[in-house]
Amino acid sequence: MLNTNAGAFRNKTTALSNAVYIESPLVIGFAVQLFWLFILFFQAFFLYDNARAINELQFVSLGLSFLLVFPATCFAIGYYRDRVTRYLRKKSVHFLMGLCGAIGMLCAGSVMLSDGQAPFALALAGTVLASFACAPATLLWGEAARRRDQSKLALATILSLLLAFALILALAYFVETSPFGAVVIACLGPLFSVVFVYKAQHDNESYFKPQEFVTLPDGTTRAKEGKAWVETFHNLRISKRAFALRLGKSAVPFGIVYGSLLLEGYRSLLWKAPLTQDFPVETLCPLLAILLFTGLFFWPYRNEDGSYASHRLVPFLLVFLLFSCSQGLLDAGNPNYTCIALLALASVVFWLYPAELTMKYRISSMITFGFFNGFLVLGLLAVFVANSLMPLDSIPYYLITLVRLALVTLGFLSLVTNEQMREIATLANSQTEERASSDWPQRRRAPFSERCHLVADTFLLSQRELEILCLLAKGRNAAHVQKELVISEGTVRTHMRNIYRKLDVHSQQELMDLVDTIEHH
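Residues numbered from 1 in each chain as written. Predicted model: local features only at pLDDT ≥ 70, side-chain atom pairs only at ≥ 80, totals over all residues. Heavy atoms only, no water.

## Concerning the overall build of the protein chain
Quick note on the threshold: What counts as a helix is a DSSP run of H or I of at least four residues, what counts as a strand is a run of E of at least two, and both are numbered from the N terminus. Under the convention used here, a 1.4 Å probe and the Shrake-Rupley method define accessible areas, while residue burial counts only the protein chains that appear.
Assigned secondary structure in the protein chain consists of 20 helices and 2 strands. For the protein chain, the accessible area works out to roughly 24,000 Å², and carbon and sulfur atoms hold 64% of it.

In structure tokens:
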């Protein structure tokens, strides 16, 4: 009995250590990426506000450079995904992105280091270069995120937000005490981000196909050496333009809300007093409460498909917006620390939503994260311009709250549905069929794998459902699927029920007949 308990404890400890080894690069690296994004968005406020090294026009120019270059790069990568992705995955390109980001941040900080003596054009060029490098790095983090189980990804996101919060406070401290130290930390952000995203991708076993694992003498499995970046996703054919417009309808309103929360959070965090004198402990309790709530929220989805769990978080965001406005109304003019918690909840929602779209519909993460983040930053741009014309702190707080509630509701109602995705996929398939209609007499019956993919595209199956469909269509039973994909029997049964429901079949034989007879119409 004692040996059995010791063995079980040893197995759990080993599994935990392996999980920490695989997921820690994601947690640390994504925190650094959030930290880098924070610097780029707030560099004019953060780095130059106290130094008074630039004038108002230059102040606005720095903010606009990031808010224009970043979404433009995201859109370009998303639209030209097929040409760009194979280059972004190379180690040399990772190194180049980190180097460009570091050089850009150094040039951007030159004005502060020289107390305004360095040419402003150098700072502007550095901001453009850093923003250009930050966009593909952000999308690569989306590439890493799509390959995680949803509950693990949610937990990793929560831990990353806490770590990013600590990094931002550390940077704020150095801005007040040592400007040179602040610039050094800002330059290290891009380098650490690309190093960790490369490690998070290439050390993650979910990047490998099942047949590329080897079984060790002790019965454990590991991935074969040199098999990094094996593509495991068969991407759904979609109309990129239609998909981008559909994503934009929800991302832009969300971006406006997110931008207003960012500005309010910045004032609440750093406006009251220097961190060298007063640490903002008031922010910790609401922040930890929200992140604990988010973690408990995703816990029930640990063994389920968990599709669209982030959808269910949006109504909670509306509720917390209402609660947060009470402090803003009753303590007008004082920092509203609950907005830090709202920022954390919104960050989880806006990061997990494109990841869920990618996993549920087998869409390239470069397309999903590229378009969503591009439109989200356009919302930030609208807030930045509005704040430059009329500072948000001069507007009655109840009006800001009403606008936020309306925009979150609008974004929630505009989230992509199954019917809309079916229309987007149907539009792409019809365009493909029109191009192929001229050689119709020469077409042959599609091979088995292509028919499985066609069924998955037609009925919008997820990647895991596609893998199980291919095995079921070969006549394999649930036990074989469980052994082949190394998943639990309950998970296999759940996916099988979902597949039967989506395909509207009631037996494995009907499923096999459907795969066998399906053709392009």
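There's more to say after this.
## Some thoughts on the pattern of salt bridges
The following threshold applies: Salt bridge, as used here: a side-chain nitrogen of Lys or Arg that lies within 4 Å of a carboxyl oxygen of Asp or Glu. We call a residue buried when its accessible area falls under 20% of the maximum for its residue type, exposed when it is over 50%, and partly exposed in between, using a 1.4 Å probe and counting protein chains only.
Considering all chains together, one arrives at 7 salt bridges under this definition. Across the pair R404 and E264 runs a salt bridge whose closest N-O atoms are separated by 2.7 Å. Pair noted here: R404 is in helix α14 (residues 397-413) and E264 is in helix α9 (residues 240-270), with a separation of 140 residues, a long-range link. A salt bridge links R493 to E489; the shortest N-O distance between them is 3.9 Å. Of this pair, R493 and E489 both sit in helix α19 (residues 489-503), 4 residues apart, which is roughly one turn of that helix. The class for E489 is partly exposed, based on a relative accessible area of 45%. One network of salt bridges, with partners in common, ties together R237, R362 and D457.

## Details of the nonpolar core
Heads up, the rule is: What is meant by a nonpolar core is a set of buried Ala, Val, Leu, Ile, Met, Phe, Trp, Tyr and Cys residues, joined one to another through side-chain atoms within 4.5 Å. Here, two residues are considered to be in contact whenever any of their heavy atoms come within 4.5 Å of each other.
Membership of the largest hydrophobic core comes to 113 residues, with the highest contact counts inside it found for W141, F243 and M421. When sequence neighbours within four positions are dropped, the list of residues in contact with M421 reads L236, I238, F243, Y361, I363, V416 and L460. Formed by 26 residues, the second largest nonpolar core is a distinct cluster that contains A456, L466, L485 and V505.

## Looking at the packing of aromatic side chains
One pair of aromatic rings is described through two measures. These are the centre distance and the angle between the planes. Note the cut-off: Any two of the Phe, Tyr and Trp rings considered here, Trp counted by its six-membered ring, make a pair once their centres fall within 6.5 Å; the pair's planes then place it as stacked at under 30 degrees, edge-to-face at over 60, or tilted in between.
In total, this model carries 17 aromatic pairs according to the counting rule given. Between the aromatic rings of F41 and F42, the centroid separation amounts to 4.7 Å while the plane-to-plane angle is 80 degrees, which identifies the pairing as edge-to-face. Between F75 and F375 the ring centres are 4.9 Å apart and the planes differ by 65 degrees, which places this aromatic pair in the edge-to-face class. Of this pair, F75 sits in helix α2 (residues 56-79) while F375 is found in helix α13 (residues 365-389), placing the two residues 300 residues apart along the sequence. Here F75 falls in the partly exposed class, since its relative accessible area comes to 22%.

## Points about a nonpolar patch on the surface
Test applied: Patch membership requires more than 30% relative accessible area and the absence of a salt bridge. Residues of like charge join within 9 Å; the nonpolar side chains Val, Leu, Ile, Met, Phe, Trp and Tyr join within 5 Å.
A cluster of nonpolar side chains, L106, L113, F180, V184, L188, L191 and F192, forms an exposed patch at the surface whose accessible area comes to about 610 Å². Take the nonpolar patch: its biggest share by element is 5 residues, from helix α8 (residues 179-202). With respect to the helices and strands, the residue L188 is situated in helix α8.

## Some details on helix α16 (residues 448-459)
Selection rule: Expected helix span is computed as 1.5 Å times (number of residues minus one).
With 12 residues, α16 should cover 16 Å at 1.5 Å per step; its first-to-last C-alpha distance of 17 Å lies within 8% of that length. Listed as buried for α16 are R451, C452, L454, V455, A456, D457 and F459. Positioned one or two residues after α16, L460 has a phi angle of 55 degrees, which is positive.

## Some details on the state of the cysteines
Inclusion rule: In this description, a disulfide is simply a cysteine sulfur pair whose atoms lie within 2.5 Å.
With the rule as written, the count across this model stands at 0 disulfides. Left unpaired, C452 is separated from the closest cysteine sulfur, that of C470, by 3.8 Å. Given a relative accessible area of 0%, C452 falls into the buried group.

## A short note on unusual backbone geometry
One non-glycine residue with positive phi stands out, namely R362, at about 55 degrees. The phi dihedral of D504 falls on the positive side, at around 60 degrees, and the residue is not glycine. Relative to the assigned elements, D504 resides in the loop between α19 and α20 (508-517). D504 sits in the exposed class, given a relative accessible area of 60%.

## Some thoughts on the environment of F298
With respect to the helices and strands, the residue F298 is situated in helix α10 (residues 284-298). In this structure F298 comes out as buried when scored by relative accessible area, which is 1%. Residues F298 and S310, 12 residues apart in the sequence, show an inter-C-alpha distance of 8.9 Å. Sequence-distant contacts of F298, that is, excluding residues within four places in its chain, are made with Q150, S151, A154, A309, S310, L313, V348, L352 and E356.

## Considering the packing of helix α12 (residues 338-361) against α13
What counts, and what does not: As a rule, the C-alpha atoms of each element are fitted with a line to give its axis, helices using only the stretch in contact, and angles between N-to-C directions run from 0 to 180 degrees. The cut-offs work like this: below 35 degrees is roughly parallel, past 145 is roughly antiparallel, 65 to 115 is roughly perpendicular, and the gaps in between are oblique. Rotating anticlockwise by less than a right angle from the far helix to the near helix defines a left-handed crossing, while the corresponding clockwise rotation defines a right-handed one. Gly counts as polar in this scheme, as do all residues outside two lists: the nonpolar Ala, Val, Leu, Ile, Met, Phe, Trp, Tyr, Cys and Pro, and the charged Asp, Glu, Lys and Arg.
Viewed as axis vectors pointing N to C, α12 and α13 meet at an angle of 150 degrees, and their least axial separation amounts to 9 Å. On the basis of the axis angle, α12 is roughly antiparallel to α13. In the packing of α12 onto α13, the handedness of the crossing is right-handed. Contacts between α12 and α13 involve F350, W351, Y353, P354, A355, L357 and T358 from the first element and S365, T368, F369, F372 and L376 from the second. Residues that form the contact of α12 with α13 fall into these classes: 9 nonpolar, 3 polar and no charged.

## Brief notes about the environment of A473
As for its position among the elements, A473 is in helix α17 (residues 463-473). In this structure A473 comes out as buried when scored by relative accessible area, which is 10%. Here the alpha-carbon distance between A473 and L511, two residues 38 residues apart in the chain, equals 6.6 Å. Setting aside anything within four residues of it in sequence, one finds A473 in contact with F448, C452, L511, M512 and V515.

## A few points about the side chain of N373
By the element assignment, N373 lies in helix α13. Among the residues examined, N373 registers a relative accessible area of 10% and is labelled buried. Here N373 is in contact with F70, C74 and L139, once residues within four sequence places are set aside.

## Things to note about the packing of α10 against α12
Close contact between α10 and α12 brings their axes to 7 Å; oriented N to C, the two are set at 30 degrees. Between α10 and α12, the angle is such that the two are roughly parallel. Like other packed secondary-structure pairs, α10 and α12 cross with a definite hand, here right-handed. Touching P286, L287, I290, L291, T294 and F298 of α10 are T338, I340, A341, A344, L345, V348, L352 and E356, all from α12. Of the residues contributing to the contact of α10 with α12, the split by class is 11 nonpolar, 2 polar and 1 charged.

## Remarks on the confidence of the model for the protein chain
Rules: pLDDT is defined as a per-residue confidence score from the predictor, taking values between 0 and 100.
On average, residues of the protein chain score 78 in pLDDT, and 76% of them are at 70 or above. Least confident of the elements in the protein chain is strand β1 (residues 213-215), whose mean pLDDT is 51; most confident is α13, at 92. When the criterion is pLDDT under 50, residues 204-213 qualifies, and its contacts beyond four places in sequence or with other chains add up to 36 contacts.

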